[in-house]
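Residue-level structure breakdown
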Amino acid sequence: MTDGTAVDTRPTKIMYVAEATAHGGRDGYVTSQDGQLELRVAMPPELGGDGNGTNPEQLFAAGYSSCFHNALVLVGRRNGFDLTGSTVAAKVGIGPNQQRGYGLAVALSVSLPVLDADIAAKLVDEAHEVCPYSNATRGNIDVTILLG
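Residues numbered from 1 in each chain as written. Predicted model: local features only at pLDDT ≥ 70, side-chain atom pairs only at ≥ 80, totals over all residues. Heavy atoms only, no water.

For the chain, an unreviewed UniProt entry supplies the name Organic hydroperoxide resistance protein and the organism Streptomyces dysideae. According to the UniProt record, the Sequence similarities (unreviewed entry) comment for the chain is "Belongs to the OsmC/Ohr family." (UniProt positions renumbered as here; feature names shortened; annotations may be inferred.)

Observations concerning the overall build of the chain
In terms of regular secondary structure, the chain is built from 3 helices and 6 strands. Ordered by position from the N terminus, the helices and strands of the chain form the series β-β-β-α-β-β-α-α-β. For the C-alpha atoms alone, the extent of the chain along its principal axes is close to 45 × 35 × 35 Å. Relative to its 148 residues, the chain shows a buried fraction of 28%. The long-range share in the chain, meaning contacts at least 24 apart out of those at least 6 apart in sequence, stands at 47%. By element, 53% of the accessible surface of the chain is carried by carbon and sulfur atoms, the whole surface being about 9900 Å². Computed over 10 positive and 16 negative side-chain charges, the separation of the two mean positions in the chain equals 4 Å. (Helix = DSSP H or I, 4+ residues; strand = E, 2+ residues; numbered from the N terminus. Buried < 20%, exposed > 50% of the residue type's maximum accessible area, 1.4 Å probe, protein only. Contact = heavy atoms within 4.5 Å. Areas by Shrake-Rupley, 256 points an atom, 1.4 Å probe, with all protein chains shown as cover. Lys, Arg positive; Asp, Glu negative; His and termini not counted. Charge placed at Lys NZ, Arg CZ, Asp CG, Glu CD.)

Topic: the domain arrangement of the chain
The domains assigned to the chain are domain 1 (1-54) and domain 2 (55-147). On a C-alpha basis, the centres of domain 1 and domain 2 stand 16 Å from each other. On the domain 2 side, the residues contacting the 10 residues of domain 1 number 8 residues. Summed over both partners, the interface of domain 1 with domain 2 buries about 640 Å², with 59% contributed by carbon and sulfur atoms. Summed over the three residues of domain 1 that lose the most area to domain 2, namely T9, R26 and T54, the buried surface amounts to 64% of that side. One salt bridge in this structure joins R26 and E57, with 2.5 Å as the shortest N-O distance. Linking domain 1 with domain 2 are 2 residue pairs in polar contact (both at pLDDT 80 or more). Residue composition of the side of domain 1 that touches domain 2, by class: 6 nonpolar, 3 polar and 1 charged. (Domains from an automatic or database assignment. Buried area = accessible area lost by both parts, 1.4 Å probe. Salt bridge = Lys/Arg side-chain N within 4 Å of Asp/Glu carboxyl O. Polar contact = N/O pair within 3.5 Å; in protein donor to acceptor, adjacent residues only side chain to side chain. Nonpolar A, V, L, I, M, F, W, Y, C, P; charged D, E, K, R; others polar.)

Thoughts on the state of the cysteines
Enumeration over the complete set of coordinates arrives at 0 disulfides. Counting only cysteine sulfurs, C131 is the nearest neighbor of C67, a cysteine outside any disulfide, at a range of 3.6 Å. Judged by relative accessible area, C131 falls into the buried class, the value being 0%. (Disulfide = S-S within 2.5 Å.)

Description of the side chain of T31
Tracing the backbone through its elements, the reader meets T31 in strand β2 (residues 28-32). Exposure remark for T31: the relative accessible area of 19% places this residue in the buried category. Reaching out from T31, the side chain makes a polar contact with the side chain of H23 at a distance of 3.4 Å. Residues within four places of T31 in sequence aside, it is in contact with E19, A20, T21, H23, L37 and E38.

Okay, structure coming up:
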């Protein structure tokens, strides 16, 4: 809301639960309960690792971009638009914060090549309100959305 009032975005009903387990932190592997994921996890070279595996930031980028794209397609359909050919790319950055921990920042790049800029911006704004990742991160991390 624009008036500064907090909006409750918690689910009223849990429809699905994903389960994953980390073994060894950032230098180990992750698995999902259903066996669909079994990935080596490694620190990227920029953070002092060997880079021989995925990392939590890549997994977060994949999750956020696919979730946001699905929200975008949903609001597009609700508004009568076919978003075939659209894409969402995510960049997730990590760095130290002021509380002696670490924080994230996200940049989403949205491509809606068949829509006029005003309509595209309206759909992106609606998708940002619908997307569970956007709702979970709102007010916690910087999320920049670039429409191009």
